[in-house]
Structures are given as structure tokens and as C-alpha cells.
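# What the coordinates show
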Amino acid sequence: MSLSNSAMLVRMTVKHPSFSKTDLNVSQEVADNKKANDNSVRVIKTLIDTKHHAYKAVKFCRGQAYNRFRDETAPWGDNGERIIKASAYDRFTKEMREIKDNFDVAVEDFLKIYPTLVDQAPALLGDLFDANLYPSVEDCRDLFSCEIEVRPVPEGDDFRVEMSASDKQKIVNQIESKNNERLEQVTSDCFKRTHAVLERMINRLDNYNPEPNKDKGEKRNNFHDSLVENVRDLVDILPGLNVANDPRLDDLVTKMGTRLVETNADQLKQDTAKRSEVADHARDIMDQLNDFME
């Protein structure tokens, strides 16, 4: 099956206004007063209280969106596009729809308080206040967005430009070579993700010490539910990122799914034997992974 039939490219764009504005007149005034070069001085004023919890909530949801988007996809190219298998699209859209809904709710909550923040702006900015810099609530709403763009993966067979056969073949070969290179990078990225999660699990389990003896210089080392949940999430996500259909990655997913996630943090804390067993399993999988990464 061709890559364009089995995978797709996705790109996410999340926008929100910074409410920062360069004041050119004041910049010129400061430059003149300080005998500075005009191009060396920029006075940037913050139009509203951007530390207000409603605005910070929007920024938090924006970061959450980008983090989840990166988790659910693999890098592809240099223009912000990422890749997933077509079989993972339903999961991807479900995850991102929830994230987008959270962002939209945060925006609406912010817009409710926005008129109040504008009313407070003169007290914050004094003579720097300019009412013309503040859009209406409806115009402000248009400054926020969270969008996902989906398109097929370009392949050599898609190149239809009229040119000499030899030149066309060179370009087709370049496209196919670049796609193969990127496929290797995607697989490598999956291995690196797996390595980071396993390394953390092994470290936490081996060094579990919730009540250290400070007289002996021991340090507290605990873990939370996320220790197992992160592995479980990886087991769910990796099949959708295996766009190269690499059997090594499939094998890692199977082993992690059967050996590492059939437990929980509470059981691992209470059962020393189980904790040791899971750590040993994680080490075995890590050894196999290290062979792949050499």
C-alpha cells in the first residue's frame, strides 16, 4: 500500500492575541530623550492584564493543544506538518476535538471578562492608553482559533508537471528518497519516545523510596499514577505512528502492552515482588530497544 493511502499529514495552528503593541510615538520620544538611535528603542505596551486567570487559561489550553498534538503525531518535514497513519485518524480526531473544545470554552470565558479588562486598562496604562487599539468582543473572538489541517502525503507518482522524462524522473526520485528518509526519522522518533518512557519507569521502580533515611543521606523517590499511564498512552499511540509498518515497533508495543501496563501505581508501591518484576520486564524491553537504536 502506498504511503498516500496509508498515512496523512496534519498541521495544527492555534492563534490568540498577545495584547502587546509597540507604541511608535513613545518609542521615538524615549529615543530622543536618551539620545539613542531610533531603531534601537521599542516601547511595547501590554493592553490588558494578561496575568488575569481567564487569559492565562487560554494560554494554558493553547500549550495543552500543542503538547497533545505532538504526542499523537510524528514529525514530517520542516514546515510544521506531522504524520499519522490513516488507521489512527479516528483516535486523533477524538483526542484533538476534546482539546479544541477546551480551548474554545476558555476563549468564551475570557471574552466574558474582556470588557472589564478593557475598562481597567486606562488605570494600567495611564497616558499610554488608546481606546482605538481595543477590538470589540466579536472582533476579538475572531483573533482566536484552533484549527487542524489534513492533507495527503505527496509521493513521486503525484508529480504531473510537463517536462522531459529524465528531469521528471530525477524529481520523482528525490521525492521518494526524501519520503524514505522521513520514514526512518519517524521510526527513530518512536524509538526515542519509547526509550524515554522506559528509562523513567525503570529509574522510578528501582529507586522507589517514599520514606528515606535522611541520616544515611537517602533521597525521597516516589512515583505517581502517571508512571504506568504514560506507558499505557504510548501503547495506544505508537501503532498510529508506525507509518513505516516496522515490525520491531509492533513487537515493542505488544511487549509493553502485555508486561508493563497490567498493573497500577498503587500495586507497584505495595508489592515489592511485582515492582521488581515490572522493572525487569522494562529492562528486557529496553535492551531490545537499545539494539534497534545502535
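Structure first, text after, so check above.
Analysis parameters
- In this convention, every chain numbers its residues from 1, walking through the sequence in written order.
- Owing to the predicted nature of the model, reporting of local features is limited to residues with pLDDT of at least 70; listing and counting of side-chain atom pairs is limited to 80 or more, with chain, interface and lining totals taken over all residues.
- Excluded from the side-chain calculation are hydrogens and water; included are all heavy atoms of the structure.
- Here a strand is any run of E in DSSP of at least two residues, a helix any run of H or I of at least four, and the numbering for each starts at the N terminus.
- By this rule the span expected of a helix is its residue count minus one, scaled by 1.5 Å.
- Here the term buried applies to any residue with accessible area under 20% of the maximum for its type, exposed to any over 50%, and partly exposed to those in between, with areas from a 1.4 Å probe on protein chains only.
- When two cysteine sulfur atoms are found within 2.5 Å, that pair is recorded as a disulfide.
- Geometry is summarised by axes, namely lines fitted to C-alpha atoms with helices restricted to the contacting stretch, and by angles between N-to-C directions that run from 0 to 180 degrees.
- Orientation categories follow fixed angle ranges, with anything under 35 degrees roughly parallel, anything over 145 roughly antiparallel, 65 to 115 roughly perpendicular, and all other angles oblique.
- Residues are treated as being in contact if the distance between any of their heavy atoms lies within 4.5 Å.
- Under this grouping Gly is polar, as are all residues other than the nonpolar Ala, Val, Leu, Ile, Met, Phe, Trp, Tyr, Cys and Pro and the charged Asp, Glu, Lys and Arg.

What follows deals with helix α7 (residues 226-241). With 16 residues, α7 extends 21 Å from end C-alpha to end C-alpha; this agrees with the ideal 22 Å at 1.5 Å per step. Leu227, Val228, Val231, Leu234, Val235, Ile237, Leu238, Gly240 and Leu241 are the residues of α7 that are buried.

Evaluation of the coordinates by the stated rule reveals zero disulfides. Here cysteine 61 is not disulfide-linked; the sulfur of cysteine 146 is the nearest cysteine sulfur, at 9.4 Å. Note on cysteine 140: no disulfide assigned, nearest cysteine sulfur contributed by cysteine 61 at a separation of 16 Å. By relative accessible area, which is 0% here, cysteine 140 ends up buried.

How two helices pack is summed up by the angle between their axes together with the distance between the axes. At a closest axis distance of 10 Å, the pairing of helix α8 (residues 247-259) and helix α10 (residues 272-293) adopts a crossing angle of 175 degrees. The angle between α8 and α10 places the two elements in the roughly antiparallel class. Between α8, through Arg248, Asp251, Leu252, Lys255, Met256 and Arg259, and α10, the contact on the second element is made entirely by Val278, His281, Ile285, Gln288, Leu289 and Phe292. For the contact of α8 with α10, the class distribution of residues is six nonpolar, two polar and four charged.

Let us now look at unusual backbone geometry. Unusually for a residue other than glycine, phenylalanine 19 sits at a positive phi of about 55 degrees. Looking at the secondary structure, you find phenylalanine 19 in the loop between β1 (7-15) and β2 (20-22). On the accessibility criterion, phenylalanine 19 (6% relative accessible area) is buried. Phi at asparagine 245 is positive, roughly 50 degrees, even though this residue is not glycine. Residue position: asparagine 245 is located in the loop between α7 and α8.

The next thing to look at is the environment of alanine 31. In this fold, alanine 31 is placed in helix α2 (residues 24-33). C-alpha separation for the pair alanine 31 and arginine 42, spaced eleven residues apart in sequence, amounts to 8.7 Å. Ignoring any residue separated from it by four or fewer positions in sequence, one finds alanine 31 in contact with Ala36, Asn37, Asp38 and Val41.

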